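Here is what each chain is made of, one letter per residue.
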Amino acid sequence: MSPARLSGVAAGLVLAVAVAAVAVAPWPTLTGRGGGEAAAPRVEVAPVPAEIVMSCDGDIVALGRDAADASGISSAAGTTLTAENARGEEPAVADALEFEGVGEAPVVSQRPDGDEGISVAGAVSASLDEEDLGGYAMSACRPGASEAWLVGGATATGTTGIITLANSSDVTATVTIEVFGVDGGSVPPGGELALPAHTTRAIPVASIAGGEQAPVIRVTSEGAPVRSALQTSIIDTLEPRGIDIQAPTTPATSAVIPGVVVTDQATETPGAEPLLRLLGTSGEAQQVTVAVIDEETGETASSTAVPIENAAPIDVALDGLEPGRYTVRVDGSEALVAAVKETGTRDFAWLAAPEAVEGETLVAVPETENGRARISVAAAADGSARVRVTRLGADEEEVLEVAAGASESLVLDADATYRVGVEDGAVFGMVSSATDEAMGAFPVAPDVATPEPITVVP
């Protein structure tokens, strides 16, 4: 199916953003769990929507530009952020986070209207064309989390990886960084640190990953949730080959990664084919099935079984694919994390496995090189889905009917915000911009404005 196109009057708001959501519960109600004898009461807690604070990536950073400080981190380029709430209004701007050694990472917040939560979204992008850094990158604003997995780490010659950590809370967070390599996971020297309130810090992957060529990194925090991301750049024989900002993912027994692009360049250049990275987070042996589904035809382009023996990263080359757009599906029996790297002529992007989305969520599309982006959505293998995509401030919408196990996509305008309503079923979504020379992507996340009811059994 050829993709449809959405267009309209530009309504994006350029800002800069930062992370976390808090909910305050009203007085609970108590109910019994029926039956002859008295049973323990159940406490039904309906959280009241609270202020949303989301953090975005700040400046693109460079490592070792000062010859006198090879490990020094500095700003290479600023970023532009598009943000808007569900009412088409400007979110409130909070204090900026101090970005240690670089500058600041701005913050955006959105308060509820009484008992009504107001959704808000933001996404940032940057383009560079310099001697040591070149390419395009995009990422979404996200709340912090107590656990995050960064799957696309690398320390090979010519590759620079930098972890960014942001704490938008009012208290210090204690952060632990665990590196998974050929011998499993361990906390390296320097892997435990205190991240003060309202600060952002950048940590070179090479400084904590030792000799691991392709590590997976787990970030946990106590005291406050922390937003983490992985910025990567590649230079090949003094020629920049792209930049990327990768979002984290979470462990699950399966992963669905839509919107993977195979370019003409990828089919003609050895080593440029899409690369799937897997890690079994439980450390238990399992057999994983990897299927690559053609978005246009819905057919399985390839399928393979991958054995996972321990908690060590595994790279799987997805070769033999024709140019096009694909969804990668991974199914195992134990928890795992997964991401796919796509490669163009002068850029690349890591696509981390997204969470399933039900109901409505808001998506901001940042500026892109060609003024367009794309949203790709994939349905679960055992259920179809219906998705309505509407641009805020415009009387235009498109409806996607997604068959079970299949995926669909729409072309979107850049620097705009969209309401994505999953009216039936659940989907896994990805926003991306992919040309041979400008690649970037981030997962579509569930809306944090309306927290789920909580049932507590004392």
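Look a little higher up for the structure.
Thresholds, definitions, all that
Going along each chain's sequence as written, the residues are numbered from 1 onward. Owing to the predicted nature of the model, reporting of local features is limited to residues with pLDDT of at least 70; listing and counting of side-chain atom pairs is limited to 80 or more, with chain, interface and lining totals taken over all residues. Excluded from the side-chain calculations are hydrogens and water; all other atoms, namely the structure's heavy atoms, are used. Definition used for salt bridges: Asp or Glu carboxyl oxygen within 4 Å of a side-chain nitrogen of Lys or Arg. Strands are runs of DSSP state E lasting at least 2 residues, helices are runs of H or I lasting at least 4, and numbering of each runs from the N terminus. Each residue's exposure class comes from its accessible area (1.4 Å probe, protein chains only) as a fraction of the maximum for that residue type: buried when under 20%, exposed when over 50%, partly exposed otherwise. Charged residues are defined here as Lys and Arg on the positive side and Asp and Glu on the negative side; His and the ends of the chain fall outside this count. Any N or O atom pair separated by 3.5 Å or less is treated as a polar contact, with the protein-specific requirement of one donor-capable and one acceptor-capable atom, and with residues adjacent in sequence counted only for side-chain atom pairs. Contacts between residues were defined by any pair of non-hydrogen atoms, one from each residue, lying within 4.5 Å. The criterion for a disulfide is a pair of cysteine sulfur atoms lying within 2.5 Å.

Enquirer: How would you sum up the pattern of salt bridges? Please name residues and give values.
Expert: Any two side chains of opposite charge can pair, so long as their charged atoms come close to each other. Scanning all chains against the criterion turns up 14 salt bridges. In this structure, arginine 111 and glutamate 51 form a salt bridge, with 3.9 Å as the shortest nitrogen-oxygen distance. Of the two residues, arginine 111 is situated in the loop between β11 (103-110) and β12 (120-129) and glutamate 51 in the loop between β5 (42-45) and β6 (52-55); the sequence distance between them amounts to 60 residues. With relative accessibility at 57%, the residue arginine 111 sits in the exposed group. Between aspartate 113 and arginine 87 there is a salt bridge, with its nearest N and O atoms 3.1 Å apart.

Enquirer: I'd like a rundown of the side chain of arginine 329, residues and numbers included.
Expert: Along the chain, the position of arginine 329 falls in strand β28 (residues 324-343). Put simply, arginine 329 is tucked away with no salt bridge, and the nearest opposite charge, on aspartate 331, sits 6.6 Å away. A polar contact of 3.3 Å, which involves the side chain of arginine 329, links it to the backbone oxygen of glycine 405. Sequence-distant contacts of arginine 329, that is, excluding residues within four places in its chain, are made with Ala255, Val256, Thr289, Val290, Ala291, Ile293, Ala378, Ala379, Ala380, Ala381, Gly405 and Ala406.

Enquirer: Tell me about the state of the cysteines, residues and numbers included.
Expert: What is meant by a disulfide is a covalent connection between two cysteines, made through their sulfur atoms. In the structure shown here, the tally under the stated rule is 1 disulfide. What pairs with cysteine 56 in a disulfide is cysteine 141, and their sulfur atoms sit 1.7 Å apart. Its S-S torsion of about -70 degrees marks the bond between cysteine 56 and cysteine 141 as left-handed, since a negative value means left-handed. Residue cysteine 56 is located in the loop between β6 and β7 (60-63), and its partner cysteine 141 is located in the loop between β13 (134-140) and β14 (147-150); the two are separated by 85 residues in the primary sequence. The pair cysteine 56 / cysteine 141 is uniform in exposure class, with both members buried.

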